[in-house]
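Take a look at the letters that make up each chain.
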Protein chains: 2
Amino acid sequence: MRYLDEQAIEDIALGAAFLGTGGGGDPYIGKMMALSALKEFGPVKLLSSDEIADDDFFISAASMGAPSVLIEKFPKGDEYLRIFDKLGRYIGKGLTGTFPMEAGGVNSMIPIVVAAQLGIPLVDCDGMGRAFPELQMVTFHLNGVSATPMAVADEKGNIEIIETPNNHWTERLARAATVEMGASSSVGLYPCTGKDIKKSGVHGIVSLSEKIGQIIQSKKQNQAEKLKQLLEATEGYHLFSGKIVDVERDMAGGFNRGCVTIKGLTEQAQEEVKVYFQNENLIARKNGEVVAMTPDLICLTDLETLHPVTTESLKYGKRVHVLGLPSNPQWRTEKGLETVGPRYFGYDLDFVPIEKTQAKGGAVRV
Amino acid sequence: MRYLDEQAIEDIALGAAFLGTGGGGDPYIGKMMALSALKEFGPVKLLSSDEIADDDFFISAASMGAPSVLIEKFPKGDEYLRIFDKLGRYIGKGLTGTFPMEAGGVNSMIPIVVAAQLGIPLVDCDGMGRAFPELQMVTFHLNGVSATPMAVADEKGNIEIIETPNNHWTERLARAATVEMGASSSVGLYPCTGKDIKKSGVHGIVSLSEKIGQIIQSKKQNQAEKLKQLLEATEGYHLFSGKIVDVERDMAGGFNRGCVTIKGLTEQAQEEVKVYFQNENLIARKNGEVVAMTPDLICLTDLETLHPVTTESLKYGKRVHVLGLPSNPQWRTEKGLETVGPRYFGYDLDFVPIEKTQAKGGAVRV
């Protein structure tokens, strides 16, 4: 058990945005939300999954929809208070704490805001170990935990409580509500016990995010050393470095879909990497060949600062590293790949772990 | 106070379908639902608005969406039990009874099913005195009563509880949920007190429906006498009689929109009436000139049986009377016309009461 201070918030937001693989929101917005909440309500207690009791009761909190909309359509501030009040009373159980659903610049921070506002602890785990675009793409789902009763709210005062027979219906109904509310909403979901968290959570993800953030922000090393540390901390691979020369986007259905093309810098000018995304980066092709694919993580960072580059901030001329990280083992099971593998997203590809594509392809591990 | 028996159900379903102005569902389906519920749970108590107490608590029940979908996507049977259980507990008040939101073959019967299932009384009133396609088109809305907390459920086990700052948002969110659930849903809405009902309800509508049904089903009179009685009971006008020669439809957005063209029979062969509908009949033009318009009622009945013809059962060759009835006075106020007048539905017309178009146009009152 320890308390999260302002420095921890800054590091976690940055590291979680890195693990967000392009999704999960802008870390600057997330950080400002959390710092403002800490300033008003005091520091937030972080518990490891070992420190909670089996029958403790938790609800996760997140922002749903296209992250690029959140930038312009800012929450009013009372959304999560209304969500936790109404959902808690609907379920009729006393709340012990909260936890993030996914990594990402905003969605790592929202539960910290909620924990501060309600004076409850945050658990050092999430339900993805990265970010994914749909509600059922959660390790808890793989173990049969229902995302409902869940609540969806907006800044205009609307709130919905949704109960469904399965998490695919939850995704459909919550998505329809989110689109109607203006392509972005606030949600409380996956009400669960301490036992559920111990079994299904991706443990230590808040601490890992913090460590990544510390490496990125360290002023003691040069960029090459920092990149090396970053890949060591995440067991990741350096796939490519280059300049963004094209970004295609399609905002239909409340998602931020598209493809970014990255051309090699001088010495690699003939090479290119294309990264396909739906809120999050899903597939990376290098000169046409797939080098990394969902559920493994494809992370873009700024070439100079190593700051993560979210899919909504992709733009022509930006110079980036493309990195590949192995996903949590829960995603590499049969049910895991059914839920978030390449075929679910419409790519006719068998999943090949990044350890294999890199061993085969011979890309340089920094 | 009295009890509704099987004959009363048959009459009410038919009369309410007549007042449904083409919407509110098929009376045969509605009747079968209610008769089945009465058979299982016993007769339903009907109370007049005078017989309820000011602080009694009521929730209305209805089917939402395109009525034509309901025919194929039949409710499972427990939708309203789930709705009233979850919504009642969410609001935290003991329920006294229920009442219909609108007239119509199905939506007059749903509250009878609920009353039978829950063993609670039905109030002899509704919120329209006819049928309308959207949730805020309710006399209670004109007096500032909120439609929420409301519940939306489907036959697959999904349920949503919606709370909004105003009834236009309720319409948007409940419509989005209904479309996602398959263009038809079951809803509980406009939780209100006995005082609200006394102030805002369209009183005696269940009894009026029953009287209309009795006239239509009477075996003692010929069709001309029955039509005369029908118009007397409803203060209505005979606008036209003819044969349907064209039906255009558009099912987008969970509505049943379109236009039906009716050509005169032999002696009127040169004349035609076009009726524009969105679930309900909204505008009637005779030879191009508007002869009746929302919120006044435009009712189509079979030429031989006088049975009401719903918009989803319109088809080529059917011979019909077109009748026009004055609406409840609450709809003819400034706020009433803002809410359901021709302009709300996109017609650039000032509302002219049917009494005036008929005095001017000189259509024969039978």
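Criteria and thresholds
Residues numbered from 1 in each chain as written. Chains lettered and ligands numbered in written order. Predicted model: local features only at pLDDT ≥ 70, side-chain atom pairs only at ≥ 80, totals over all residues. Heavy atoms only, no water. Helix = DSSP H or I, 4+ residues; strand = E, 2+ residues; numbered from the N terminus. Rg over C-alpha atoms; globule rule 2.2 N^0.38 Å. Buried < 20%, exposed > 50% of the residue type's maximum accessible area, 1.4 Å probe, protein only. Contact = heavy atoms within 4.5 Å. Areas by Shrake-Rupley, 256 points an atom, 1.4 Å probe, with all protein chains shown as cover. Lys, Arg positive; Asp, Glu negative; His and termini not counted. Charge placed at Lys NZ, Arg CZ, Asp CG, Glu CD. Salt bridge = Lys/Arg side-chain N within 4 Å of Asp/Glu carboxyl O. Domains from an automatic or database assignment. Buried area = accessible area lost by both parts, 1.4 Å probe. Polar contact = N/O pair within 3.5 Å; in protein donor to acceptor, adjacent residues only side chain to side chain.

The name given to chain A in an unreviewed UniProt entry is Hydantoinase, and the organism recorded there is Listeria kieliensis.

Enquirer: What is the right way to look at the overall build of chain A in this model?
Expert: A tally of helices and strands in chain A yields 12 helices and 16 strands. The globule rule puts the C-alpha radius of gyration for 366 residues at 21 Å, and the 19 Å found for chain A is close to it. Along the longest, intermediate and shortest principal axes, the C-alpha atoms of chain A span 60 × 45 × 35 Å. The buried share among the 366 residues of chain A stands at 62%. Across chain A, contacts joining residues at least 24 apart in sequence account for 73% of those joining residues at least 6 apart. Of the roughly 13600 Å² of accessible surface on chain A, a fraction of 51% belongs to carbon and sulfur atoms. Charge centroids of chain A, computed over 38 positive and 47 negative side chains, lie 2 Å from each other.

Enquirer: Even after reading the chapter, I still don't get the pattern of salt bridges, so can you show me in this structure?
Expert: It is possible for side chains of opposite charge to pair when their charged atoms get near one another. All chains considered together, the criterion is met by 34 salt bridges over all chains. Measuring nitrogen to oxygen at the nearest pair gives 2.8 Å for the salt bridge that ties Arg332 of chain A to Asp296 of chain A. Here Arg332 of chain A is found in the loop between β16 (319-325) and α11 (334-340), whereas its partner Asp296 of chain A is found in the loop between β14 (289-293) and β15 (297-302), with 36 residues between them in sequence. Overall, Arg332 of chain A belongs to the partly exposed group, its relative accessible area being 25%. With a closest N to O distance of 3.5 Å, Glu232 of chain B and Lys228 of chain B form a salt bridge. Taken together, the residues Glu232 of chain B and Lys228 of chain B, both in helix α10 (residues 223-234) and four residues apart, mark about one turn of the helix. Judged by its relative accessible area of 42%, Lys228 of chain B falls in the partly exposed class. Each of the salt bridges in this network shares a partner with another, and the network as a whole consists of Asp154, Glu155 and Lys156 of chain A.

Enquirer: Would you mind showing me how to read the domain arrangement of chain A here?
Expert: How large an interface is tends to be reported as the accessible area lost when its parts come together. Residue and element names in this part refer to chain A. Split into domains, chain A comes out as domain 1 (2-203) and domain 2 (222-361). In this structure, domain 1 and domain 2 have C-alpha centres spaced 25 Å apart. The partner domain 2 presents 35 residues to the 41 residues of domain 1 that form the contact. Of the roughly 2900 Å² buried where domain 1 meets domain 2, counting both sides, 65% is carbon and sulfur surface. For the pair domain 1 and domain 2, the number of links is zero salt bridges. Here domain 1 and domain 2 share nine residue pairs in polar contact (both at pLDDT 80 or more) between them. Mapped onto the side of domain 1 that touches domain 2, the elements with two or more residues apiece are α1 (6-19), α3 (67-70), α6 (139-142) and α7 (167-180).

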